[in-house]
Structures are given as C-alpha cells and as structure tokens.
Amino acid sequence: MKAFVRGLIARANLETPKIQRKWAGFGGVTSPPPPPEKGLENLTVADVLLTKDTDDGGGGKVDTLISCRTNDTVFDAVKNMAKHNIGSLVVLRPGDQQCIAGIVTERDYMKKIIGAGRSSKVTKVGEVMTDESKLVSVSSGTNIIKAMQLMSENHIRHVPVIDGKIVGMISMVDVVRAIVDHQNGELKRLNQFIKGDYY
C-alpha cells in the first residue's frame, strides 16, 4: 500500500500537459467548450465529502459523520461501526454536538481491548480513543494529495475534517477512490479527444 501511495503522490506532483483546443463553428454556430475539469492538484477534501454525501455505492445517501460519545461503551461503539460498515468514529463530548473529544478506530479496539484482555462492555470509549490533543485532522480545503501524505506519514487510515467545528470524516479509501475516479475520468476525456468524440 505504501508503494501505491508513493506512486500516486509522485504522479500527482508531475506537471500534466495542457491540451489547447480550438473551437470552430459551422455556419456561424460555435460549440461551447466543455466545462473546465478540476485537476488532481485542485481536488480537495471538500470534493471527497461531497462524493460521500451523495453516493454510498448502492444508490443511497450516506452521512459522513457517524459518531459516539466519550461515555459510550466500546462495545456500543464497535457495534455502531459494524452497523455502518466503517472503521472509525468521531468521539464527541457528552451533551455537545460540535465539540470533538477524539477518534476511536478498529485498531484501538484490537490493541486496547482485545490485545489488553479488557471487556468492551464495561470500558468507555474515552479510555481507549485517540485524544483530541493527539488527533491528526484536515480541513475541507486540504488538497487530497496532502491528505493522503498526512495519513501515510502518520500511519493512519481515518482523519476528521475540521473547519472550526467537525464537518465530516475521510478515510484513505475515500481519498484513493477519488484519485482513481479522477484518473479514470481523465482517461475517458483523452480517449474521446483522440477518437474525435470530444466536439
């Protein structure tokens, strides 16, 4: 996975040649140019969140922020992760919808509960989560390549998105999917251009 991430980062840092297009009309009618495409260097975490908000892969809508509280049991938090097929939860302080206390992940469960021989039914999330003071986060304006680098360098798969307050959560899978989708779209546009279907 590390080699894959390094390859994507290296590829994103290369200068993509820009294709100059001339638009010619017939009989005074000019075809409008296609809408400008966002280059990989311009894709942001906000773009990833928009994709998550509109597509769950099954035609439904997904809430990008599924959370728990510091005083919830680890058992309930893990059930919530399993129910939503996700690997982490934002942890909020009791009684406050916007105040992030930390993050709890599958890895926390494996290391701090299973590995330590603790009971998930009596252990509180606040005891095993990554605390807010040690939390790695991004903003919605962060470039997705930078977000990927941050996750890779810190050996983490999930980061909360904070714009003064918590606005969502992204994972390495979300970022890789966005990059692959962008590359597939670019290939499609280039094929259309080569075949002459672009006009």
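The name recorded for the protein chain in an unreviewed UniProt entry is CBS domain-containing protein, from Brassica carinata.

This part covers the packing of aromatic side chains. In the structure shown here, the tally under the stated rule is zero aromatic pairs. For the cation-ring pair, lysine 121 lies above phenylalanine 75, with the distance from its terminal atom to the ring centre recorded as 4.7 Å.

To continue, consider unusual backbone geometry. Despite not being glycine, asparagine 85 shows a phi value in the positive range, around 55 degrees. Note that asparagine 85 resides in the loop between α3 (74-84) and β2 (88-92). Overall, the relative accessible area of 71% leaves asparagine 85 in the exposed class. Unusually for a residue other than glycine, histidine 155 sits at a positive phi of about 55 degrees. In this structure, histidine 155 sits in the loop between α6 (144-154) and β5 (158-162).

Right, let's talk about the sheet that holds strand β4 (residues 130-131) for a bit. Across the sheet, which stays open at both edges, the four strands sit in the order β1-β2-β3-β4 with mixed pairing between neighbours. Looking at strand neighbours, the two that pair on one side only are β1 (67-69) and β4, the edges of this open sheet. Pairing between β2 and strand β3 (residues 100-105): five bridges, direction antiparallel. Its bridge partner being in β3, leucine 92 is matched across the sheet by isoleucine 100. Where α3 meets the sheet, it contacts β1, β2 and β3, and its direction lies at approximately 130 degrees from that of β2. Across the sheet, helix α4 (residues 106-114) is in contact with β3 and β4; its angle to β3 comes to roughly 75 degrees.

Procedures and definitions
- Residues numbered from 1 in each chain as written.
- Predicted model: local features only at pLDDT ≥ 70, side-chain atom pairs only at ≥ 80, totals over all residues.
- Heavy atoms only, no water.
- Phe/Tyr/Trp six-rings, centres within 6.5 Å; stacked < 30°, edge-to-face > 60°.
- Lys NZ or Arg CZ within 6 Å of the ring centre and 35° of its normal.
- Helix = DSSP H or I, 4+ residues; strand = E, 2+ residues; numbered from the N terminus.
- Buried < 20%, exposed > 50% of the residue type's maximum accessible area, 1.4 Å probe, protein only.
- Pairing = 2+ DSSP bridges.
- Contact = heavy atoms within 4.5 Å.
- Axes fitted to C-alpha atoms, helices over the stretch in contact; angles between N-to-C directions.

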